[in-house]
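Descriptive structure summary
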Amino acid sequence: MKNLPFKFGAEVYTWYMNNNGETYKDQLGHMIEIISKAGFTGIQPIFTWMGKLSDPVLLEEKLKEQGIELAAVALALDWNGTEETAEEKKVADNAIDLLKRFPGSVLCTVQIPTGRHDLVQRRKNLINIVNTVSQRAKEIGVESSFHPNSPHTSITRTEEDYKVILEGLDHSVTGWCPDVGHIINGGMDPLAKMKEYQSIINHIHYKDWDGNPEFTLMGNGKVDFLGITQWLKDIGFGGWIICEDEGEEALEDPDFVTLHDGKWVNDVLVKGLR
């Protein structure tokens, strides 16, 4: 890839989509191999779905073998109470402890969607929990980034959700991970929203969207990746851009999707940049 201020990686959710993770359970090593073969330089696994590679020694060995960095770890939890449950705190602290061993890797926090009931209070609760988790991470040198999502049951879906939550985050301990596919799926323009909250962006997710009903193979949809990536280059964004493809092809062949995305990023997207 060209000499760019940012690096490209891939997320493992592409494999998780089939049968809620059961089909490719404990195959993180294989995913690292495919992501490397695709030409990416980083990976973002899901913390609770790392299998035997949740052992940091084994993880580091596999990453080094394939020339891949641990860009981030996704911490996806329900967070439906006024504060973390004991189990949620334990999982979060274990994720932070893992990341401490990989300096520069990001804790990417995301709430599992469970409904838009009691919206006002639950958004406040989520802000409090994310700020609390991020504070604990910062205390041991781990950077955090909050990732909104857009299922109809998500409380981080709409423009109002974004305003309330992003402006409620403690920006001294956590940043924002814009997912361009989720932003457009929530009825917003990804680049405009990223420009609005540019100062808190510290991690980025790419997926494509065509509205039929939602996501599509990268490059086949309506997201202006070239415009977004050119802007990121122009402002000197120095973090990770993580491809998290949720096109329907991933349900049958996530290896193909990841290899396609790596080729598309290298042969189409990067070559189109000025």
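The preceding data block contains the structure.
Remember, predicted model here, so these are calculated numbers, not experimental data.

1. So, the sheet that holds strand β5 (residues 106-111)
With respect to topology, 4 strands assemble into an open sheet ordered β4-β5-β6-β7, the strand pairing being parallel. Two strands in the sheet have a free side with no partner beyond their single neighbour: β4 (72-77) and β7 (174-176). Pairs of neighbouring strands in the sheet enclose a mean axial angle of 30°, with direction left out of account. Pairing geometry for strand β6 (residues 143-146) and β7, over 3 bridges, is parallel. When the sheet's bridge partners are listed, Phe-146 is paired in β7 with Trp-176. Where helix α4 (residues 86-100) meets the sheet, its contacts fall on β4 and β5, and the angle it forms with β4 comes to roughly 180°. Packed onto the sheet, helix α5 (residues 119-139) meets β4, β5, β6 and β7 and runs at close to 165° relative to β5.

2. Looking at the pattern of salt bridges
Any two side chains of opposite charge can pair, on the condition that their charged atoms come close. If you walk through the whole model with that rule in mind, you get 20 salt bridges. Taking the shortest distance from any N to any O, the salt bridge between Asp-93 and Arg-136 comes out at 2.8 Å. Here Asp-93, found in helix α4, pairs with Arg-136, found in helix α5; they are 43 residues apart in sequence, far enough to count as distant. Owing to a relative accessible area of 27%, Asp-93 belongs among the partly exposed residues under this scheme. One connected set of salt bridges, linked through shared partners, spans Glu-84, Lys-89, Asp-93 and Arg-136.

3. Topic: the side chain of His-203
With respect to the helices, strands and loops of the structure, His-203 is situated in the loop between α8 (190-196) and β8 (204-206). Of note is the side chain of His-203, whose polar atom sits 2.8 Å from the side chain of Gln-44. Once you skip the residues sitting within four places of it in the chain, His-203 turns out to touch Gln-44, Ala-71, Ala-72, Val-106, Cys-108, Ser-145, Trp-176, Cys-177, Pro-178, Phe-237, Trp-240 and Ile-242.

4. Looking at helix α6 (residues 159-168)
Among the residues of α6, those classed as buried are Asp-161, Tyr-162, Ile-165 and Leu-166. Buried positions in α6, seen along its axis, are confined to an arc of 100° and lie on one side of it. Buried residues in α6 make contact with α5, β6, β7, α7 (180-185) and α8.

5. So, the nonpolar core
Ranked by size, the top nonpolar core spans 79 residues in total, and within it Phe-8, Leu-59, Tyr-206 and Leu-232 carry the most contacts. Broken down by element, this core gets its largest block of residues, 7 residues, from α5.

6. Examining the packing of α5 against α6
The contact between α5 and α6 brings their axes to 9 Å, and the two run at 35°. In the packing of α5 onto α6, the handedness of the crossing is right-handed. Together, Leu-119, Arg-123, Leu-126, Ile-127 and Asn-131 of α5 and Glu-160, Asp-161, Val-164, Ile-165 and Gly-168 of α6 make up the contact between the two elements. The residue makeup of the contact of α5 with α6, split by class, is 5 nonpolar, 2 polar and 3 charged.

7. Quick look at unusual backbone geometry
Residue Pro-213 follows Asn-212 across a cis peptide bond; omega there is -5°. With a phi angle near 50°, Asn-20 is a residue other than glycine that sits in the positive phi range. Residue placement: Asn-20 occurs in the loop between α1 (13-16) and α2 (28-37). For Asp-118, which is not glycine, the phi dihedral falls at a positive 45°. Within the element layout of this structure, Asp-118 appears in the loop between β5 and α5. Asp-118 sits in the exposed class, given a relative accessible area of 57%.

8. Details of the sheet that holds strand β3 (residues 69-70)
Strand order in this open sheet of 5 strands is β3-β2-β1-β11-β8, and the pairing throughout is parallel. What marks the edges here is a single partner per strand, and that holds for β3 and β8.

9. Some remarks on the packing of aromatic side chains
All chains considered together, the criterion is met by 7 aromatic pairs. Ring geometry for Phe-6 and Phe-8: centres 5.6 Å apart, planes at 85°, overall edge-to-face. By the burial criterion, Phe-6 is buried, and Phe-8 matches it. Aromatic side chains Tyr-16 and Trp-49 sit 5.0 Å apart centroid to centroid with 85° between the ring planes, which places their arrangement in the edge-to-face category. Within this pair, whereas Tyr-16 is found in helix α1, its partner Trp-49 is found in the loop between β2 (42-44) and α3 (56-66), the two being separated by 33 residues in sequence. An aromatic cluster is built from Tyr-13, Tyr-16 and Trp-49, whose rings are joined through pairwise contacts. When the ring centre of Phe-215 is taken as reference, the NZ or CZ atom of Lys-207 above it lies at 5.5 Å.

Definitions and limits used
Starting from 1, residues in each chain are numbered consecutively following that chain's sequence as written. Totals for whole chains, interfaces and linings use every residue, but because this is a predicted model, local features are given only for residues with pLDDT of at least 70 and side-chain atom pairs only at 80 or more, for both listing and counting. Excluded from the side-chain calculation are hydrogens and water; included are all heavy atoms of the structure. Pairing between strands requires that DSSP locate at least two bridges from one strand to the other. Counting from the N terminus, the helices are the DSSP runs of H or I reaching at least four residues and the strands are the DSSP runs of E reaching at least two. All axes are obtained by fitting lines to C-alpha atoms, using only the stretch in contact for helices, and the reported angles, taken between N-to-C directions, cover 0 to 180 degrees. By definition in these notes, contact holds between two residues if any of their heavy atoms fall within 4.5 Å. Salt bridges, as used here, are contacts in which a Lys or Arg side-chain nitrogen is within 4 Å of a carboxyl oxygen on Asp or Glu. Three exposure classes are used, based on accessible area relative to the maximum for each residue type with a 1.4 Å probe and protein chains only: buried under 20%, partly exposed in between, and exposed over 50%. Two N or O atoms count as a polar contact when they lie within 3.5 Å, although within protein this holds only if one can serve as hydrogen donor and the other as acceptor, and sequence-adjacent residues are included solely when both atoms are side-chain atoms. Each C-beta atom gives one direction from the helix axis, and the arc is the one those directions make. Residues belong to a common nonpolar core when they are buried Ala, Val, Leu, Ile, Met, Phe, Trp, Tyr or Cys residues joined through side-chain atoms within 4.5 Å. Note on convention: the crossing is left-handed when the near helix lies turned anticlockwise from the far helix by less than a right angle, right-handed when the turn is clockwise. Ten residue types, Ala, Val, Leu, Ile, Met, Phe, Trp, Tyr, Cys and Pro, are classed as nonpolar, four, Asp, Glu, Lys and Arg, as charged, and the remainder, Gly among them, as polar. Pairing of aromatic side chains requires ring centres within 6.5 Å, counting the rings of Phe and Tyr and the six-membered ring of Trp. Pairs whose planes differ by under 30 degrees are stacked, by over 60 edge-to-face, and all others tilted. Two conditions define a charge located above a ring, namely a distance within 6 Å from the ring centre to NZ of Lys or CZ of Arg, and an angle within 35 degrees of the ring normal.

Spatial relationships are all this shows, so hold off on functional conclusions.
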